[in-house]
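Chain by chain, the residues:
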Amino acid sequence: MNQNDALEELQKQVVRRNPAEPEFHQAVSEVLDSLAPVIAKHPEYKDAKLLERICEPERQIIFRVPWVDDSGTVQINRGFRVEFNSALGPYKGGLRFHPSVNLGVVKFLGFEQIFKNSLSGLPIGGGKGGSDFDPKGRSDNEIMRFCQSFMTELYRHIGEYTDVPAGDIGVGARELGFLFGQYKRITNRYESGVLTGKGLGWGGARVRKEATGYGTVYFVQEMLAAQGQDLEGKEVTVSGSGNVAIYAMEKVHQFGGKVVACSDSGGYVYDPAGIDVDLVRQIKEIERGRISEYTERRRNGSDYAAGGSIWNLPCHVALPCATQNELTGDDASALIRSGVLAVAEGANMPCTPEAMKLFRDAGTLFGPAKAANAGGVATSALEMQQNASRDSWSFEYSEQRLRDIMVEIHRSCFETAEEYGRSGDYVFGANTTGFSRVADAMLAFGVI
Ligand code: GLU
């Protein structure tokens, strides 16, 4: 069997063995698509069945999360933790609380995390977890009771040397506080390194909150610099208005670009004068409100559109920072028609396979999530370092570390693509570099 047939057969096997998990199939297919040249160069990977092993999580935990809502009604949710790969370090990856969460979604995220974490160059394996719990409209007390119940099962599976969860969609400082408090109470250990994204007053790290968004923009800046360009004066569209989007927008403005639009699940705002990031932060992060409130409070002639696609707006740089499969083939065509220069994925897998193909065929600079949004988890690994040494670094130093990491990720993806004659193909570069590091460690460990 030749390389491509073997990879195709493996893809079919993944689909057969993991039925009804389309997001997981998509994530696997995107990685396998890149790997034929690497396997050809390294027959030892094939003999050790490394690809087959990487596609099978080391451990999958599914549990019941019962809790009582404010009206006294018992609610049941489902909790997940997929410990995907620990070749490079303890399992590392966030928790997502969103009604769309199911095993397939957690597996896609966990699979992505393996390669992203490897690319960061830091000693972290890949995992992900979450629940189909919907935090929207829930009181703080309900969130607390849910988090306590979730941790009452999760605590036995995690630890600073085992598995280190963090936040993701629906899980921020508030939820991490409740989760850490319950872990500490059950185990009687102040084990700071068991969770990352913690509050600054209780073991958290400076720049962690900003890191995913800042990192994405550093990556864009590197992609543009490799073409002799930069963000100065560029118009940028950012989807989403959560943690990743807010700090991506802030960093674009610091680099002299102008963010003209952002969104939430209800619609998008277009603000030709440049998005007021403090106002978005006030509405979304502090008040937990809707982006539709932006236009009324901004009073400068910005527009709100309920529904419709934010990607129909012309821009130089597009940063999808909301959620998976939010940018479709039609959206990609619209962006290409309007002359988009660069696209970088702040969210995990926000571009559909069709959209990715269109960007790559059109020669658009395309930063895949594994590389472009790795700054968040990389700064989580820096938080683990600070916790291990009971130290706390300054904002400036932490940001410099983040920047150096993003520059290095860009360099390794860029150079790997060159080495294989795939110049400018960051998808290929990211998959290949991320995979090779994990594969080499797994080879060293033998068949385990
Ligand atoms: N959820 C984030 C991601 O997708 C961060 C994970 C972490 O910090 O562990 O990479």
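Refer to the structure printed above.
Considering helix H12 (residues 329-337)
Part 1: Of all the positions in H12, only Gly 329, Asp 331, Ala 332, Ala 334 and Leu 335 are classed as buried.
Part 2: If you follow the buried residues of H12, they end up packed against strand S10 (317-320) and helix H13 (353-362).
Part 3: Once H12 ends, the next one or two residues include Gly 339, with phi positive near 90 degrees.

Some points on the pairing of S10
For a regular strand, the rule is simple: side chains alternate between the two faces of the sheet.
Part 1: Because side chains alternate across S10, one face comprises the buried residues Val 317 and Leu 319, and the other comprises Ala 318 and Pro 320, equally buried.
Part 2: Note that S10 and strand S11 (residues 342-344) share 2 bridges and pair parallel. Residue pairing across strands places Ala 318 opposite Val 343, the latter belonging to S11.
Part 3: Regarding the hand of the β-α-β motif, the stretch spanning S10, H12 and S11 is right-handed.

Observations concerning the environment of Ala 245
Part 1: Of note, Ala 245 is situated in helix H9 (residues 243-254).
Part 2: The buried category is assigned to Ala 245, whose relative accessible area is 0%.
Part 3: In sequence terms Ala 245 and Arg 185 are 60 residues apart; their C-alpha atoms lie 34 Å from each other.
Part 4: The residues contacting Ala 245, other than those within four sequence positions of it, are Val 238, Ser 239, Gly 240 and Cys 321.

Brief notes about the sheet that holds strand S12 (residues 365-367)
Part 1: Taken together, the 7 strands give an open sheet; going across it, the order is S9-S8-S7-S6-S10-S11-S12, and neighbouring strands pair in mixed fashion. Edge positions in the sheet fall to strand S9 (303-306) and S12, since each has one partner strand and no second. In this sheet, neighbouring strand axes are inclined to one another by 15 degrees on average, regardless of whether the strands run parallel or antiparallel.

What about H9?
Part 1: When the terminal C-alpha atoms of H9 are compared, their 17 Å separation across 12 residues agrees well with the 16 Å that a helix rising 1.5 Å per residue should span.
Part 2: Counting buried positions along H9 yields 9 of 12 residues, so the element is predominantly enclosed.
Part 3: Taken as a whole, H9 has its buried residues at Val 244, Ala 245, Ile 246, Tyr 247, Ala 248, Met 249, Glu 250, Lys 251 and Val 252.
Part 4: Buried residues in H9 make contact with helix H8 (208-225), strand S6 (235-239), strand S7 (258-264), helix H10 (277-286), S10 and helix H16 (395-419).
Part 5: Once H9 finishes, Gly 256 follows within two positions and takes phi at roughly 85 degrees, a positive value.

Quick word on the side chain of Asp 264
Part 1: Position of Asp 264 among the secondary structure elements: in strand S7.
Part 2: Judged by relative accessible area, Asp 264 falls into the buried class, the value being 14%.
Part 3: A distance of 2.9 Å separates a polar side-chain atom of Asp 264 from the backbone nitrogen of Gly 266.
Part 4: A polar atom in the side chain of Asp 264 sits 2.8 Å from the backbone nitrogen of Ile 291.
Part 5: Non-local contacts of Asp 264, meaning those with residues more than four positions away in its chain, are made with Ser 241, Lys 284, Arg 290 and Ile 291.

Considerations on the sheet that holds strand S5 (residues 163-166)
Part 1: If you trace the 5 strands from one edge of the open sheet to the other, you get S1-S2-S4-S3-S5, paired in mixed fashion. Edge positions in the open sheet fall to strand S1 (59-68) and S5, since each of these has one partner strand only. If you compare each strand with its neighbour and ignore which way they point, the axes differ by 20 degrees on average.
Part 2: With 10 bridges connecting them, S1 and strand S2 (residues 74-85) associate as antiparallel partners. The residue of S2 that forms the bridge with Val 68 is Val 74.
Part 3: Relative to the sheet, helix H6 (residues 140-154) contacts S1, S2, strand S3 (91-97), strand S4 (126-131) and S5, its axis offset from that of S1 by approximately 145 degrees.

A word on empty space enclosed by the protein
Part 1: Considering all chains together, one arrives at 1 cavity of 30 Å³ or more under this definition.
Part 2: For the largest cavity, the calculated volume is near 30 Å³.
Part 3: Around the largest cavity sit Glu 30, Glu 112, Glu 345, Met 349, Pro 368, Ala 369 and Lys 370, which together line it.
Part 4: Grouping the amino acids of the lining of the largest cavity by side-chain chemistry returns 3 nonpolar, no polar and 4 charged.

What counts, and at which threshold
- Residues numbered from 1 in each chain as written.
- Predicted model: local features only at pLDDT ≥ 70, side-chain atom pairs only at ≥ 80, totals over all residues.
- Heavy atoms only, no water.
- Buried < 20%, exposed > 50% of the residue type's maximum accessible area, 1.4 Å probe, protein only.
- Helix = DSSP H or I, 4+ residues; strand = E, 2+ residues; numbered from the N terminus.
- Contact = heavy atoms within 4.5 Å.
- Pairing = 2+ DSSP bridges.
- Right-handed = clockwise from strand over helix to strand, strands pointing away.
- Axes fitted to C-alpha atoms, helices over the stretch in contact; angles between N-to-C directions.
- Expected span 1.5 Å × (residues − 1).
- Polar contact = N/O pair within 3.5 Å; in protein donor to acceptor, adjacent residues only side chain to side chain.
- 1 Å grid on protein atoms, 1.4 Å probe; cavity = no way out; pocket = protein on both sides within 12 Å on 5 of 7 lines; lining within 4 Å.
- Points joined across faces, edges and corners; volume = space filled by probe spheres on them.
- Nonpolar A, V, L, I, M, F, W, Y, C, P; charged D, E, K, R; others polar.

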